[in-house]
Amino acid sequence: MFQSLFSGTLAHTWSVWYRDRDRITVICASKGSSVVFDCIYSYPADKKVGRKIWFTPRGDTKLDGSQQGDGVFNTSGLTNKSRYSGRTEFYDQDNNCTLKLNNVTEDDSGRFFFRFEANKHHQTPQRFTGSLGVALTIPVLSLKLNENGPVKERDHVTLACTSTCNPPQMEFLWFKDGRPLPGVSGVHGGQCPLGPLSPNDTGSYSCGLGQGTSTPILLDVRYAPRNVSVEVSSSPEVVKGSRLTLTCSNNANPAAETYTWFQRTGTLTSLRLGMGKEHTFHKIDSDDSGLYFCMAQNAIGSQNSTEHEVKVKGTATLLHFLYLQKATLSRPEDIYENVKWSAKPITDPDDMNYAELNIRPAPSPR
């Protein structure tokens with residue numbers, strides 16, 4: 001269809017036509033893709049076409065055929081700019097001057113022109129450059145989060161990806177932490193809705209076209225403290241007079257700012273003990289035995305821990321010690337085994353002899 005536009009007198013005049021005849025042809029291509037510069041040309045019937053060139057201009061653009069530039073493709077085999085080596089395909093058939101450029105990069109952005117030479121017999125060749133040319137744009141992507149203020153758990157947000165190609169001609173790709181985002185790749189229009197959000201949605205997001213990607217942005221999902229628990233510095237059963245530290249642990253974003261400690265005093269009542277991530281008993285007493293819990297709080301909300309039981313074990317007493325000693329005697333008469341008897345009857349209290357009573361201590365319990 002494009003070739004059929006040439007008819008009548010146009011086929012016998014100097015002319016080069018790109019895809020858009022009355023304006024600059026604009027092509028938006030993603031990095032790594034291939035682009036096609038549609039082109040047809042004509043010349044007077046008494047001329048013979050020689051060299052054909054695609055180039056990018058240097059300096060001021062001239063349309064008189066003498067324009068200088070960096071060679072992209074040249075039918076004469078002359079050296080082209082090295083960055084285009086092995087990346088071009090030229091459709092040289094009849095009046096077709098279409099060029100295909102593969103694996104485009106950001107450096108390829110700019111204007112491309114076609115020029116050809118034709119002469120009559122052995123006359124000096126005449127040059128003609130197609131005006132306007134083709135403008136190739138490699139899109140620069142920008143990603144924004146359409147949300148004002150902090151993003152919280154259960155919120156709904158939209159990621160908006162825009163490009164310098166307007167409108168974009170390709171599907172957008174979406175990535176989280178450098179990996180394709182399941183279920184949303186290939187979304188048209190540059191809008192990616194997310195929600196209801198959970199803490200697992202926190203991450204670095206980017207959008208892409210072809211092999212080009214945007215600068216990542218961080219989606220930081222905030223949530224109230226969770227998994228709140230009480231941790232102890234020693235075993236739950238502690239000895240009276242020892243030191244014991246309770247620590248309030250949790251997960252939260254942002255981190256919990258306030259910690260409050262409580263001791264359970266009844267089914268529905270509790271005693272507020274103090275503030276801080278840790279609560280320390282420097283010399284714990286038997287009265288400190290009981291159930292303890294903490295509350296962690298940040299700007300999003302708060303949560304209580306489960307209750308933790310502390311058992312305080314008392315130290316040994318003298319009475320307890322004597323009881324253990326008595327319990328170790330195997331026979332009642334063992335307590336009198338060291339008594340010495342007098343050889344004569346005792347009739348006078350002054351004649352009474354006294355003996356020392358020794359109680360052998362029992363081995364210490366192990």
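Residues numbered from 1 in each chain as written. Predicted model: local features only at pLDDT ≥ 70, side-chain atom pairs only at ≥ 80, totals over all residues. Heavy atoms only, no water.

(A) Up close: the sheet that holds strand β12 (residues 141–145). Spatially, the three strands line up as an open sheet ordered β12-β14-β17, and their pairing is antiparallel. Strands at the two margins of the open sheet, each flanked by one partner only, are β12 and β17 (191–194). For this sheet the average axis-to-axis angle between neighbouring strands, irrespective of direction, equals 15°. Pairing geometry for strand β14 (residues 157–163) and β17, over four bridges, is antiparallel. Looking at β17, one finds that Leu159 is bridged to Cys192. (Pairing = 2+ DSSP bridges. Helix = DSSP H or I, 4+ residues; strand = E, 2+ residues; numbered from the N terminus. Axes fitted to C-alpha atoms, helices over the stretch in contact; angles between N-to-C directions.)

(B) Region of the structure containing the sheet that holds strand β13 (residues 151–152). Here four strands make up an open sheet; going across it, the order is β13-β21-β23-β26 and the pairing mixed. Looking at which strands have only one partner, the edges of the open sheet turn out to be β13 and β26 (278–281).

(C) Representation of the state of the cysteines in the model. Counted by the stated rule, this structure contains three disulfides. Note on cysteine connectivity: Cys39 is disulfide-linked to Cys97, with sulfurs 1.8 Å apart. Of note, the bridge from Cys39 to Cys97 carries an S-S torsion of about -85° and is left-handed in sense. Of this pair, Cys39 sits in strand β4 (residues 39–42) while Cys97 sits in strand β8 (residues 96–101), placing them 58 residues apart in sequence. Taken as a pair, Cys39 and Cys97 share a single burial class, namely buried. Cys248 shares a disulfide with Cys294; S-S distance 2.1 Å. (Disulfide = S-S within 2.5 Å. Buried < 20%, exposed > 50% of the residue type's maximum accessible area, 1.4 Å probe, protein only.)

(D) How the structure looks around the confidence of the model for the protein chain. Averaged over all residues, the pLDDT of the protein chain is 82; the fraction at 70 or higher stands at 77%. Across residues 5–9, where pLDDT falls below 50, the model places seven contacts with residues more than four positions away in sequence or in other chains. (pLDDT = per-residue confidence, 0-100. Contact = heavy atoms within 4.5 Å.)

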